Amino acid sequence: MRRPTPIIYFIIAISLSMLSCTSMPEHATESTDLPSIYPDYVDVTIPTGIAPLNFAMSDDTFTTIDVEIKGAKGGHLHAQGTYTDFDIDDWHQMVDLNRGSQLTVSVCAEKDGGWVRYRDFTITVSPYPLDEWGITYRKIAPSYEMYSRMGLFERELSTFEEHSMLQNTQVPGMCLNCHTANRTNPQQYVFHVRGSHGATIIHREGETMLLKASNDSLGGSMVYPYWHPGGRYCAFSTNKTSQMFHTARAKRIEVYDASSDVFVYDAEAQEIVHDTLTMRKYWAENAPAFSPDGQWLYYITARRQIYPTDYDKEKYSLCRVHFDEHTGRMDGQVDTLISTTATGKSVSWPRPSYDGRYLMYTQADYGYFTVWHPEADLWLLDLQTGECRAMQEVNSSRAESLHNWSVNSHWFLFTSRRDDGLYSRIYLSCIGADGRATKPFMLPQRNPKQYYRQSLYSYNTPDFTSSPVKMDAYELGNQIEKGERVETKMR
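In this text, all values refer to a predicted model and were calculated from it rather than measured experimentally.

Q: What is the right way to look at the overall build of the protein in this model?
A: Of regular secondary structure, the protein possesses five helices and 37 strands. The C-alpha atoms of the protein give a radius of gyration of 25 Å, which matches the 23 Å a tight globule of 491 residues would have. Taken along the three principal axes of its C-alpha coordinates, the protein extends 85 × 55 × 45 Å. Within the span of the protein, comprising 491 residues, buried residues form 55% of the whole. Contacts in the protein between residues at least 24 apart in sequence constitute 57% of all its contacts with a sequence separation of at least 6.

Q: What exactly am I supposed to notice about the pairing of strand 15 (residues 185-194) here?
A: Most of strand 15 is tucked away: seven of the 10 residues are buried. Where strand 13 (residues 175-176) meets strand 15, two bridges bridge the pair, whose relative direction is antiparallel. Paired with L176 across the strands is V193, a residue of strand 15. Direction of pairing for strand 14 (residues 180-182) relative to strand 15: antiparallel, over a ladder of three bridges. For N182, the partnering residue across the bridge sits in strand 15 and is N185. The antiparallel hairpin formed by strand 14 and strand 15 contains two residues in its connecting segment, where R183 sits at a positive phi of about 55°. Here five bridges tie strand 15 to strand 16 (residues 199-204), and the two strands are oriented antiparallel to one another. The residue bridging H192 from the neighbouring strand is T200, located in strand 16.

Q: Would you mind showing me how to read the sheet that holds strand 25 (residues 296-303) here?
A: Within a sheet, each strand pairs with its neighbour through backbone hydrogen bonds, oriented either parallel or antiparallel. A sheet is described by the order of its strands in space; here four strands give the open sequence 24-25-26-27, paired in antiparallel fashion. One side of each edge strand has no neighbouring strand; the edge strands of this open sheet are strand 24 (283-290) and strand 27 (329-338). When strand polarity is set aside, the average angle formed by the axes of neighbouring strands in this sheet is 30°. Pairing of strand 24 with strand 25, which is carried by six bridges, proceeds in the antiparallel orientation. From the neighbouring strand, N286 faces strand 25, where its bridge partner is I300.

Q: Would you mind showing me how to read the pairing of strand 27 here?
A: On a regular strand, one side chain projects to one face of the sheet and the next to the other, so that they alternate. Pairing of strand 26 (residues 317-324) with strand 27 involves six bridges; the strand directions are antiparallel. Within strand 27, the position partnered with F323 by the bridge is M330. The hairpin formed by strand 26 and strand 27 contains four residues between the paired strands, and G328 there has a positive phi angle of roughly 75°.

Q: So what exactly am I meant to see when it comes to the sheet that holds strand 33 (residues 411-416) here?
A: One open sheet holds the four strands; their spatial order is 32-33-34-35, and the pairing between them is antiparallel. Since the sheet does not close on itself, it has two edges, and those belong to strand 32 (400-405) and strand 35 (441-442), each with one partner. Examined bridge by bridge, strand 32 and strand 33 share four bridges and lie antiparallel to one another. Considered in strand 33, the bridge of E400 is made with S416.

Q: Just to check I follow, could you spell out empty space enclosed by the protein for this structure?
A: Over the atoms, a rolled probe matching the size of one water molecule traces out where space is still vacant. Across all of its chains, the model carries two cavities of 30 Å³ or more by this definition. Estimates place the volume of the largest cavity at around 50 Å³. In terms of lining, the largest cavity is formed by N177, C178, V190, F191, H192, T200, M222, V223, Y224, P225 and F236. Looking at the lining of the largest cavity, the elements that each hand over two or more residues are strand 15 and strand 20 (223-227). Roughly 40 Å³ of internal volume is contained in the second largest cavity. Surrounding the second largest cavity, R183, Y226, W227, P229, F290, S291, P292 and Y354 form its lining. For the lining of the second largest cavity, a count of residues per class yields six nonpolar, one polar and one charged.

Q: Looking at this structure, how should I read the environment of C234?
A: Tracing the sequence through the fold places C234 in strand 21 (residues 233-245). With relative accessibility at 1%, the residue C234 sits in the buried group.

Q: Please clarify how helix 2 (residues 88-97) should be interpreted in this entry.
A: What sets the pattern is the α-helix's 3.6 residues per turn: residues three or four places apart point alike. Taken as a whole, helix 2 has its buried residues at I88, W91, H92, M94 and V95. Looking straight down helix 2, one finds its buried side chains confined to an arc of 165°; they lie on one side. Those residues of helix 2 that are exposed and angled more than 90 degrees off the buried face are D89 and Q93. Buried residues along helix 2 sit in contact with strand 3 (45-46), strand 5 (64-71), strand 6 (76-81), strand 7 (102-111) and strand 9 (121-125). Its side-chain oxygen 3.1 Å from the backbone nitrogen of D89, D87 forms the N-cap of helix 2.

Q: What is the right way to look at the packing of aromatic side chains in this model?
A: Ring pairs (aromatic) are described by centroid distance and by the angle formed between their planes. Overall, the coordinates contain 19 aromatic pairs when judged by the stated rule. Summarising the aromatic geometry, the rings of Y316 and Y368 are spaced 5.8 Å apart at their centres and angled 75° between planes, so their arrangement reads as edge-to-face. In this pair, Y316 is assigned in the loop between strand 25 and strand 26 and Y368 in the loop between strand 29 (358-364) and strand 30 (377-382), connecting sequence segments 52 residues apart. Ring geometry for W349 and Y368: centres 5.9 Å apart, planes at 65°, overall edge-to-face. Of this pair, W349 sits in strand 28 (residues 346-352) while Y368 sits in the loop between strand 29 and strand 30, and the two are 19 residues apart along the sequence. Of the two residues examined, W349 and Y368, each falls in the buried class. Pairwise contacts between aromatic rings join Y224, Y316, W349, Y368 and F369 into one cluster. When the ring centre of W296 is taken as reference, the NZ or CZ atom of R320 above it lies at 3.8 Å.

Q: Just checking my understanding: could you explain the confidence of the model for the protein for this structure?
A: Low pLDDT marks regions whose predicted coordinates should not be analysed in detail. Across the protein, the average pLDDT comes to 90, with 91% of residues at 70 or higher. Long-range and interchain partners of residues 6-22, a stretch whose pLDDT sits below 50, account for four contacts in this model, where long-range means more than four residues apart.

Q: Explanation requested: the pattern of salt bridges in the structure shown.
A: Note on pairing: side chains with opposite charge can pair once their charged atoms come close. Going through the model one piece at a time under the given rule, you end up with 24 salt bridges. The closest approach of N and O atoms between K212 and E487, which form a salt bridge, is 3.9 Å. With K212 in strand 17 (residues 207-212) and E487 in the loop between helix 5 (473-482) and strand 37 (489-490), the pair connects residues that are 275 residues apart, well separated along the chain. Exposure remark for E487: the relative accessible area of 51% places this residue in the exposed category. The partner of R357 in a salt bridge is D382, with the nearest N and O atoms 2.9 Å apart. Of this pair, R357 sits in the loop between strand 28 and strand 29 while D382 sits in strand 30; the two residues are 25 residues apart in sequence, bridging distant segments of the chain. For D382, a relative accessible area of 11% corresponds to the buried category. Here the salt bridges share partners, and the residues they tie into one network are R204, E205, R232, D266, E268, E271 and R491.

Calculation criteria
- Chains are numbered independently. Their residues run from 1 in the order of the written sequence.
- pLDDT decides what is reported in this predicted model: residues at 70 or higher carry local features, side-chain atom pairs at 80 or more are listed and counted, and totals for whole chains, interfaces and linings draw on all residues regardless.
- Here the side-chain values reflect all heavy atoms present in the structure, with hydrogen atoms and water set aside.
- Helix and strand labels come from DSSP, where a helix needs a run of H or I of at least four residues and a strand needs a run of E of at least two; each type is numbered from the N terminus.
- Just to be clear, the radius of gyration here is over C-alpha atoms, and the globule rule we use is 2.2 Å times residues to the power 0.38.
- Here's how the labels work: a residue is buried when its accessible area is under 20% of the maximum for its type, exposed when over 50%, partly exposed in between, all with a 1.4 Å probe on protein chains only.
- By definition in these notes, contact holds between two residues if any of their heavy atoms fall within 4.5 Å.
- A pair of strands is labelled paired if DSSP reports no fewer than 2 bridges between them.
- Structural elements are reduced to axes, namely lines fitted to C-alpha atoms, with helices fitted over the stretch in contact, and the angle between N-to-C directions of any two is expressed from 0 to 180 degrees.
- Computed over the protein atoms alone on a 1 Å grid, cavities are sets of points where a 1.4 Å probe fits but cannot get out and pockets are open sets with protein on both sides within 12 Å along at least five of seven lines; a residue lines them when it has an atom within 4 Å of a point.
- Grid points are joined across faces, edges and corners, and a volume is the space filled by probe spheres set on the points.
- Side-chain classes are defined by residue name, with Ala, Val, Leu, Ile, Met, Phe, Trp, Tyr, Cys and Pro counting as nonpolar, Asp, Glu, Lys and Arg as charged, and the others, Gly among them, as polar.
- Each C-beta atom gives one direction from the helix axis, and the arc is the one those directions make.
- In the analysis that follows, any N or O atom pair within 3.5 Å is treated as a polar contact, provided that within protein one partner can donate a hydrogen and the other can accept it, and provided that, for residues neighboring in sequence, both atoms belong to side chains.
- Stacked, edge-to-face and tilted labels apply to pairs of Phe, Tyr and Trp rings (six-membered ring for Trp) whose centres lie within 6.5 Å, assigned for plane angles under 30 degrees, over 60, and everything in between, in that order.
- Consider the ring centre and the ring normal. A charge sits over the ring if Lys NZ or Arg CZ is within 6 Å of that centre and within 35 degrees of that normal.
- Every residue gets a pLDDT, meaning the predictor's confidence in that residue, from 0 to 100.
- Think of a salt bridge as a Lys or Arg side-chain nitrogen and an Asp or Glu carboxyl oxygen that are within 4 Å of each other.

In structure tokens, the structure reads:
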């Protein structure tokens, strides 16, 4: 049998190249409607460096989708299949070329042997860079009594690569809580482990320390952390948490605290700084966050109720108190920034932007554990004017919560149950100079419909990270299993 000559290989290569550049289907029925695609990337704004926004038709009866993307400043992509699968390098080249401009997306879809050509839509490439390598998050199954399988993960934003940092299969029976970095710095982080080998793990200045999970003087463990920008202090709350279940379909679970206080941990002195301003007997303080200049500590507070009967009367106000970095203590009067007496609502998860301009928070009818509250929405407080508003441009009819900022304060991410009402997904959005946010887009996946339909995990406590997190899961798992802990002292 004769081997193909080089010219044959050349002809095959040219044919494949022409096939990959095939124009959109001819003789398609024209539609004035926008295509219904999954995920919904119609008219979103993206940063350069984001992974390709692959998508499929929302309606499964469509068997093929054919898509062309053209950049206003140049560049062209074409994809055809059951979903778009854009080449990562070609995608980045086109998006980089069109920074500050727009991409025009043309969609044709086939069903029952006939093609429909939909109205074009645009994707805007923001002039604001994201400047973050990736994101970190916890993935957890929707179980309540058992920890099941869960883990801390990191994801590179420019690709679809996800890596495990630590899973509870490496520390059997343990519950892994919130991985929290200092201003997206992967070299300084903290997270909590609950269970028989519980601990608070603090990593800073190249060393990892395992603190005793709870302190008898506190009456609980160290949770909901937030780092002081100087890196020496970390604010926590200590909570006696319980849960109960609804019988109505609209809501599933309630999480409430029989008691909670806010305090500051001095990582150098290994001391808990006790302060009566945020540890009051008949009040519940929670969810601390330092201002970007380190001079203020924000937190939420509510009058304690009779639990569980009056759980829906627990409504939190947003407060702040001055923090002295030299002494590690709070001083002066407590300022109430948003009062539940005025709003009738409850504030949770305050997160100031790193440029000091805004503070984003979640507002709900009551309580603070808003991931299960369908009415929970994101709100924005302008720290210069004192005005606050609902972020209608990003909110949905389902729960929005657990948000964080990029270091340049132009991007933020948050979790939402808008996709199916059951699982929380990660969405990203951009804030411009006018303080308005762009339409959020779901975290891209290579085959998003397959990925999200098959996933049995919710995303939890997401944050940006400037580079990969260096965590030796094997060694850390061994340390957790050994049970050796550093005692925390009270100051």
